[in-house]
Amino acid sequence: MTTETTGTSRYAQQLTARVRAFDARRPWMWDTAVTATWTVAALVDASGGWRNTAHAPSLPAWLVVTLSLALSVPLFWRRRHPLAALTVMACAALVSSVSGAFLQAAYLQMLPVYHLALSRPPRTLLWSLALIAPPLITGALRFRADSWDQHVVPTLWAYALVALLGIAVRSRRDERTHEVRLAATAERTRIAREMHDIIGHNLAVITGLADGGRYAAAKNPERAAQALDAIGTTSRQALAELRRLLSVLHEDDETATRTPQPTLTDLEPLIEGVRSAGLPVHADLPATAPALSAGAQLTVHRVLQEALTNTLKHAGTGAKATVRLSYGPGTLDLLVTDTGTGTPHLPPPPGTGRGITGMRERAARYDGTLESGPLPAGGWRVRLSIPLEDSPS
């Protein structure tokens, strides 16, 4: 698809969205325009053209005009009260058939039928058919000069096609609504996971810094001041990340995709922040970043963040961590181990989607795997494997 075609399609979608939004704000304007258009058409036919199909062309003009108005003016309420509008129009159609006028405006009954199929339960279509059928049958029985199917079959075909169109549009609309709800749920889950990672990690770092600063306050005020500076820096970074994440809620998709997200180049600052919180971390990171999409790089960053946060929380005093990032033929491997002896890194309760479960879901999104569990000699291990790509996104 060319850029010009994509631009045209996007413009058409935007124009359609604006028209729908305008109609939602001022529905009476569209209803008035539709009603006026068809009323004028009905009155033009009532000025003489109706006699071409009438069986009683000598009917008084006032009756034809009245029937024409009764078949067109109710269209103003076709969206809000389609069954009531159809009832009034069906009564006018019955008089038209009994009198022999056979006004073509009777086909305007299909508009309320469409809105019934679009917005009302399916059983309402049976009521609409019960309203439309009597004028057809009455006209066919009263004027038998022509074949009965000339009065009945065309209208029934029109009814069936309009009803099917309304049902199809309704199904498509419901499908779009369902897709929007699924997308909203997925976005809420993504934001919740990001907030969990950001808040959980930075609070763990701040807690470590605060504990270290408290112990150093009495003996080494300078070290305590450094801890307070680090707490301020970490807090500002956490607030900046949260603002960036929450700003996505007020942006369109195109803007959101341009919002900077952590990448593999941000792993070293992440590790330095954990070191400043008091956890010794030995890192073995490659000099060049592998070919990985932005989303997959974010996954690596968040998994490392979660693993080190768990070490800060659960590994206990004196624990050390090791981070090794490597990539070979077609695969990136991230290995995080610690020497902790504290409480196990337990997964969250079922259904929460946080912690280890959240890391595993992130890995699966990019066809990766995540293994997590205790080491034989003590401590904990987290290993992430993600397939490499031909080129970065």
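Residues numbered from 1 in each chain as written. Predicted model: local features only at pLDDT ≥ 70, side-chain atom pairs only at ≥ 80, totals over all residues. Heavy atoms only, no water.

The next point concerns helix α5 (residues 110-119). Within α5, seven of the 10 residues are buried, which leaves it mostly tucked inside the rest of the structure. Inspection of α5 places Met-110, Pro-112, Val-113, His-115, Leu-116, Ala-117 and Leu-118 among the buried residues, and these make up the whole buried set. (Buried < 20%, exposed > 50% of the residue type's maximum accessible area, 1.4 Å probe, protein only. Helix = DSSP H or I, 4+ residues; strand = E, 2+ residues; numbered from the N terminus.)

What follows concerns the packing of aromatic side chains. Tallied over the entire structure, the rule returns two aromatic pairs. Note on Phe-76 and Trp-77: the rings are 5.3 Å apart at their centroids and 80° apart in plane angle, and the pair reads as edge-to-face. Given the relative accessible area of 21%, Phe-76 is considered partly exposed. With relative accessibility at 39%, the residue Trp-77 sits in the partly exposed group. (Phe/Tyr/Trp six-rings, centres within 6.5 Å; stacked < 30°, edge-to-face > 60°.)

All right, on to the confidence of the model for the protein then. Across the protein, pLDDT averages 80, with 74% of residues at or above 70. Taken as a whole, residues 252-258 scores under 50 in pLDDT and shows three contacts with residues more than four places along the chain or in a different chain. Here residues 346-353 is a poorly scored stretch, pLDDT under 50, and it has seven contacts once near neighbours within four places are set aside; other chains count. (pLDDT = per-residue confidence, 0-100. Contact = heavy atoms within 4.5 Å.)

Attention now goes to the packing of helix α4 (residues 82-99) against α5. Between α4 and α5, whose axes approach to 9 Å, the crossing angle comes to 155°. It follows that α4 is roughly antiparallel to α5 by the angle criterion. Like other packed secondary-structure pairs, α4 and α5 cross with a definite hand, here left-handed. The residues of α5 that touch α4, namely those facing Pro-82, Leu-83, Leu-86 and Met-89, are Pro-112, Val-113, His-115 and Leu-116. For the contact of α4 with α5, the residue count by class is seven nonpolar, one polar and no charged. (Axes fitted to C-alpha atoms, helices over the stretch in contact; angles between N-to-C directions. Parallel < 35°, antiparallel > 145°, perpendicular 65-115°, else oblique. Left-handed = near helix turned anticlockwise from the far one by under 90°. Nonpolar A, V, L, I, M, F, W, Y, C, P; charged D, E, K, R; others polar.)

Bringing unusual backbone geometry into the picture now. With phi around 50°, Phe-102 is a residue other than glycine that occupies positive phi space. Mapping Phe-102 onto the fold places it in the loop between α4 and α5. At Asp-367, a position not held by glycine, the phi torsion is positive, near 60°.

Among the structural elements, Ser-119 can be located in helix α5. Linking Ser-119 and Arg-80, residues 39 residues apart in sequence, is a C-alpha distance of 9.5 Å. There is a polar contact of 2.7 Å between the side chain of Ser-119 and the backbone oxygen of His-115. (Polar contact = N/O pair within 3.5 Å; in protein donor to acceptor, adjacent residues only side chain to side chain.)

Let us look at helix α10 (residues 267-276). Along α10, the positions that sit buried rather than exposed are Leu-267, Leu-270, Ile-271 and Val-274. All buried residues of α10 lie within an arc of 95° about the axis, which places them on one face of the element. With its phi angle positive at about 110°, Gly-278 sits one or two positions after the end of α10. (Arc of directions from axis to C-beta.)

Time to look at the packing of α4 against helix α6 (residues 124-142). The interhelical angle for the contact between α4 and α6, taken along N-to-C directions, is 5°, at an axis separation of 8 Å. On the basis of the axis angle, α4 is roughly parallel to α6. The segment α4 lies against α6, with Leu-83, Leu-86, Thr-87, Ala-90, Ala-93, Leu-94, Ser-97 and Val-98 engaging Thr-124, Trp-127, Ser-128, Leu-131, Ile-132, Pro-134, Pro-135, Thr-138, Gly-139 and Arg-142. Of the residues that constitute the contact of α4 with α6, the class distribution is 11 nonpolar, six polar and one charged.

Val-300, Leu-304 and Leu-334 are the most contacted members of the largest nonpolar core, which has 28 residues in total. At six residues, the largest contribution of residues to this core is made by helix α11 (residues 294-314). Beyond its immediate stretch of four places on either side in the chain, Leu-334 contacts Val-300, Val-303, Leu-304, Val-323, Arg-324, Leu-325, Val-382, Arg-383 and Leu-384. Listed in part, the 19 residues of the second largest apolar core include Trp-50, Leu-59, Ala-101 and Leu-108. (Core = buried A, V, L, I, M, F, W, Y, C linked by side-chain atoms within 4.5 Å.)

Turning next to the side chain of Ser-128. Looking at where Ser-128 falls in the secondary structure, it is placed in helix α6. Residue classification places Ser-128 among the buried residues on the basis of a relative accessible area of 0%.

Strand-to-strand pairing in sheets goes through backbone hydrogen bonds, with the strands running parallel or antiparallel. What the five strands build is an open sheet, ordered β1-β2-β3-β5-β4; its pairing is mixed. Two strands in the sheet have a free side with no partner beyond their single neighbour: β1 (281-284) and β4 (369-374). Direction aside, the axes of adjacent strands within the sheet are offset by 10° on average. Pairing analysis gives eight bridges linking strand β2 (residues 321-328) to strand β3 (residues 331-338), with the strands arranged antiparallel. Bridge pairing in β3 places Tyr-327 opposite Leu-332. Where α10 meets the sheet, it contacts β1 and β2, and its direction lies at approximately 165° from that of β1. Taken strand by strand, α11 contacts β2, β3, β4 and β5 (380-387), and its axis lies near 10° from that of β3. (Pairing = 2+ DSSP bridges.)

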